[in-house]
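The residues making up each chain are set out below.
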Amino acid sequence: ISKVLYPSDNHLEGKLLRLSQQYFMVSASCQSIIRDHMAVYGKIDNLADKIAIHINDTHPALCIPELMRILIDDYFYSWDRAWSMVTRICSYTNHTVMPEALECWNEELFRQRLPRIYQIVQEINRRYHADVLAKTGNWDLANRTSIIDNKVIRMANLSVAGSYSVNGVSRLHSDILKESVFHDFYTVSPEKF
């Protein structure tokens, strides 16, 4: 899994390896953070008060569903309690204004390689879509901000939905994100930007 960093992803095997590498690194990091936190504090309830995870572009975006998995499956948190914690822990910096460069995964490939994480991403998507629809009443806006769309999982959308703060690499870049790339998200949650 670690022999080739950033394998070519113009074929199925390369895509599967890249997704596996991203999940492996994220899962190991999240588990290490929680293990260290538990060693110091002996409890997980204060995790969001003591740690911050910064998603530096979309490669580590899987930390959002992985944290959810750990909190729900290992610590028996309810969905709402886990989501509240995750969205107070994670922040996101976007590195590109080109929509075609935003990382996406084929939904079926993702489901086959990461079945539990896929279930969690589906539920994040369902709830986020419902929240946007309830907040705005705009079905098109809710669809445009969906994490799963047209059999594709959009990692930038996952990163924005699961983070308390979103920015670009500069003030100008951050302004462009608000005005174009993530304008729909900005209209729903301007406080994040």
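Everything below is about the structure printed above this text.
For clarity, every value in this text was computed on a predicted model and none was experimentally measured.

1. As for the overall build of the protein
- Within the protein, the secondary structure is distributed over 10 helices and six strands.
- By the compact-globule yardstick of 16 Å for 193 residues, the protein fits well, its C-alpha radius of gyration being 16 Å.
- Once the C-alpha set of the protein is aligned to its principal axes, its extents read approximately 45 × 40 × 30 Å.
- Within the span of the protein, comprising 193 residues, buried residues form 48% of the whole.
- Roughly 10000 Å² of accessible area belongs to the protein as shown, and the carbon and sulfur atoms make up 52% of that amount.
- Side-chain charges in the protein split into 21 positive and 22 negative, and the spacing between the mean points of these groups amounts to 3 Å.

2. A few points about the packing of aromatic side chains
- Scanning the entire structure with this criterion turns up five aromatic pairs.
- With a centroid separation of 6.0 Å and an interplanar angle of 35 degrees, the aromatic rings of Y128 and F185 are classed as tilted. In this pair, Y128 sits in helix α6 (residues 115-136) while F185 sits in helix α10 (residues 183-188), placing the two residues 57 residues apart along the sequence. Both residues of the pair, Y128 and F185, count as buried.

3. Side note on the sheet that holds strand β4 (residues 148-149)
- One open sheet holds the three strands; their spatial order is β3-β5-β4, and the pairing between them is antiparallel. The open sheet has two edge strands with one neighbour each: β3 (104-106) and β4.
- Across two bridges, β4 lies against strand β5 (residues 152-154) in antiparallel orientation. Along β5, the bridge assignment pairs I148 with I153.

4. Considering unusual backbone geometry
- Positive phi, close to 60 degrees, is recorded for F76, a residue that is not glycine.
- In this structure, F76 sits in the loop between α3 (63-74) and α4 (79-89).
- Here F76 falls in the exposed class, since its relative accessible area comes to 70%.

5. A closer look at the sheet that holds strand β2 (residues 90-93)
- The strand order β1-β2-β6 describes an open sheet built from three strands, whose pairing is parallel. Each edge of the open sheet is held by one strand with a lone partner, namely β1 (53-56) and β6 (165-167). For this sheet the average axis-to-axis angle between neighbouring strands, irrespective of direction, equals 15 degrees.
- Inspection of the sheet shows β2 paired to β6 by three bridges, in the parallel sense. Counterpart to S91 in the pairing with β6 is S165.
- Against the sheet, α4 engages β1 and β2, with an angle of about 45 degrees to β2.

6. Regarding the side chain of R18
- For R18, the location among the structural elements is in helix α1 (residues 12-41).
- Those residues in contact with R18 that sit more than four places away from it in its chain are Y6, P7, D9 and W105.

7. Considering α3
- With 12 residues, α3 should cover 16 Å at 1.5 Å per step; its first-to-last C-alpha distance of 15 Å lies within 8% of that length.
- Taking burial as the measure, the 12 residues of α3 include 10 buried ones, the bulk of the element.
- The complete set of buried residues in α3 reads C63, I64, P65, E66, L67, M68, R69, I70, L71 and I72.
- If you follow the buried residues of α3, they end up packed against α1, β1, α4, β2, α6 and α8 (155-161).

8. With respect to the pairing of β2
- The alternating pattern of β2 places C90 and Y92 on one face and S91 and T93 on the opposite face, and all of these are buried.
- Of the strand pairs in this sheet, β1 and β2 are connected by four bridges, and their pairing is parallel. Residue pairing across strands places I53 opposite C90, the latter belonging to β2.

Scoring rules and cut-offs
- Residues numbered from 1 in each chain as written.
- Predicted model: local features only at pLDDT ≥ 70, side-chain atom pairs only at ≥ 80, totals over all residues.
- Heavy atoms only, no water.
- Helix = DSSP H or I, 4+ residues; strand = E, 2+ residues; numbered from the N terminus.
- Rg over C-alpha atoms; globule rule 2.2 N^0.38 Å.
- Buried < 20%, exposed > 50% of the residue type's maximum accessible area, 1.4 Å probe, protein only.
- Areas by Shrake-Rupley, 256 points an atom, 1.4 Å probe, with all protein chains shown as cover.
- Lys, Arg positive; Asp, Glu negative; His and termini not counted.
- Charge placed at Lys NZ, Arg CZ, Asp CG, Glu CD.
- Phe/Tyr/Trp six-rings, centres within 6.5 Å; stacked < 30°, edge-to-face > 60°.
- Pairing = 2+ DSSP bridges.
- Axes fitted to C-alpha atoms, helices over the stretch in contact; angles between N-to-C directions.
- Contact = heavy atoms within 4.5 Å.
- Expected span 1.5 Å × (residues − 1).

Any link to function would need more than the numbers given here.
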